[in-house]
Amino acid sequence: MTPLDGLAHRPLRPIWLCRLDANPWPCGEAKLVLLAAFADDRPGLLALLSTLQREAEDHLTQLDSGRSNNLTDRFLSWARPPDR
């Protein structure tokens, strides 16, 4: 079982759109659920998202004739802890 198994808003691979709302994944709902699920483990959330980002970049690069996709904002920027 993976952390994504319980999510209703899961990615549709290899196009990385949300299975429910067709927005780029992680969609807004997925972000909210992931933030709540990893509320006490932000490093774990960032590690998971980093792994998924690499997978998404590989898939989307293959689908886009080898053109590189930078997905850092989409996958990681929103999950970083706020400045204190």
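Sequence order as written defines residue numbering, which begins from 1 separately in each chain. In view of the model being predicted, local features appear only for residues whose pLDDT reaches at least 70, and side-chain atom pairs are presented and counted only at 80 or more, with totals across whole chains, interfaces and linings using the full set of residues. To get the side-chain values, all heavy atoms of the structure are used, and hydrogens and water are removed first.

Peer 1: For the overall build of the protein chain, give the residues involved together with the corresponding values.
Peer 2: Broken down by element type, the protein chain carries three helices and two strands. When the helices and strands of the protein chain are placed in sequence order, the string is β-β-α-α-α. For a compact globule the rule gives 2.2 Å times the number of residues to the power 0.38, and the radius of gyration it is set against comes from C-alpha atoms. The globule rule puts the C-alpha radius of gyration for 84 residues at 12 Å, and the 13 Å found for the protein chain is close to it. Summarising its shape, the C-alpha atoms of the protein chain cover approximately 40 × 25 × 20 Å along the three principal directions. Within the span of the protein chain, comprising 84 residues, buried residues form 30% of the whole. Between two residues, a contact is recorded if the distance between any of their heavy atoms is within 4.5 Å. Relative to all contacts within the protein chain whose residues are 6 or more apart in sequence, the contacts with residues 24 or more apart total 46%. Surface accessibility in these figures is a Shrake-Rupley result with a 1.4 Å probe; residues are shielded only by whichever protein chains are displayed. Here the protein chain displays about 5,300 Å² of accessible surface, and carbon together with sulfur accounts for 52% of that area. In summary, the charge assignment counts Lys and Arg as positive and Asp and Glu as negative, without counting His or the chain termini. In plain terms, the charge of a residue is placed at NZ if it is Lys, CZ if Arg, CG if Asp and CD if Glu. Counting 10 positive and 11 negative side-chain charges, the protein chain places the centres of these two groups 1 Å from one another. Segments assigned H or I by DSSP are reported as helices when at least four residues long, segments assigned E as strands when at least two residues long, and all are numbered from the N terminus. Working definition: with a 1.4 Å probe on protein chains only, accessible area under 20% of the residue-type maximum means buried, over 50% means exposed, and in between means partly exposed.

Peer 1: Could you give an account of the confidence of the model for the protein chain, naming the residues involved and the relevant values?
Peer 2: Along the chain, pLDDT gives the predictor's confidence residue by residue, from 0 to 100. The predicted model of the protein chain averages 91 in pLDDT, with 98% of residues at 70 or higher. Mean pLDDT per element in the protein chain: helix 3 (residues 72-75) is the minimum at 94, and strand 2 (residues 17-18) is the maximum at 97.

Peer 1: Quick one: what's the story with the environment of Asn69, residue by residue and with numbers?
Peer 2: With respect to the helices, strands and loops of the structure, Asn69 is situated in the loop between helix 2 (42-63) and helix 3. On the basis of relative accessibility, which here comes to 19%, the residue Asn69 falls in the buried class. For the pair Asn69 and Pro81, spaced twelve residues apart in sequence, the C-alpha to C-alpha distance is 24 Å. The residues touching Asn69, leaving out its near neighbours within four places in the chain, are Glu57, Leu60, Thr61 and Asp64.

Peer 1: Residues and numbers for the nonpolar core, please.
Peer 2: Ranked by size, the top nonpolar core spans 20 residues in total, and within it Trp16, Trp25, Leu34, Leu49, Leu52 and Phe75 carry the most contacts. Broken down by secondary-structure element, the contributors of at least two residues to this core are helix 1 (28-37) and helix 2. The leading source of residues in this core is helix 2, at six residues. Aside from chain neighbours lying at most four places away, what touches Phe75 is Trp16, Trp25, Pro26, Leu49, Leu52, Gln53 and Ala56. In this text, buried Ala, Val, Leu, Ile, Met, Phe, Trp, Tyr and Cys residues form a nonpolar core when linked through side-chain atoms within 4.5 Å.

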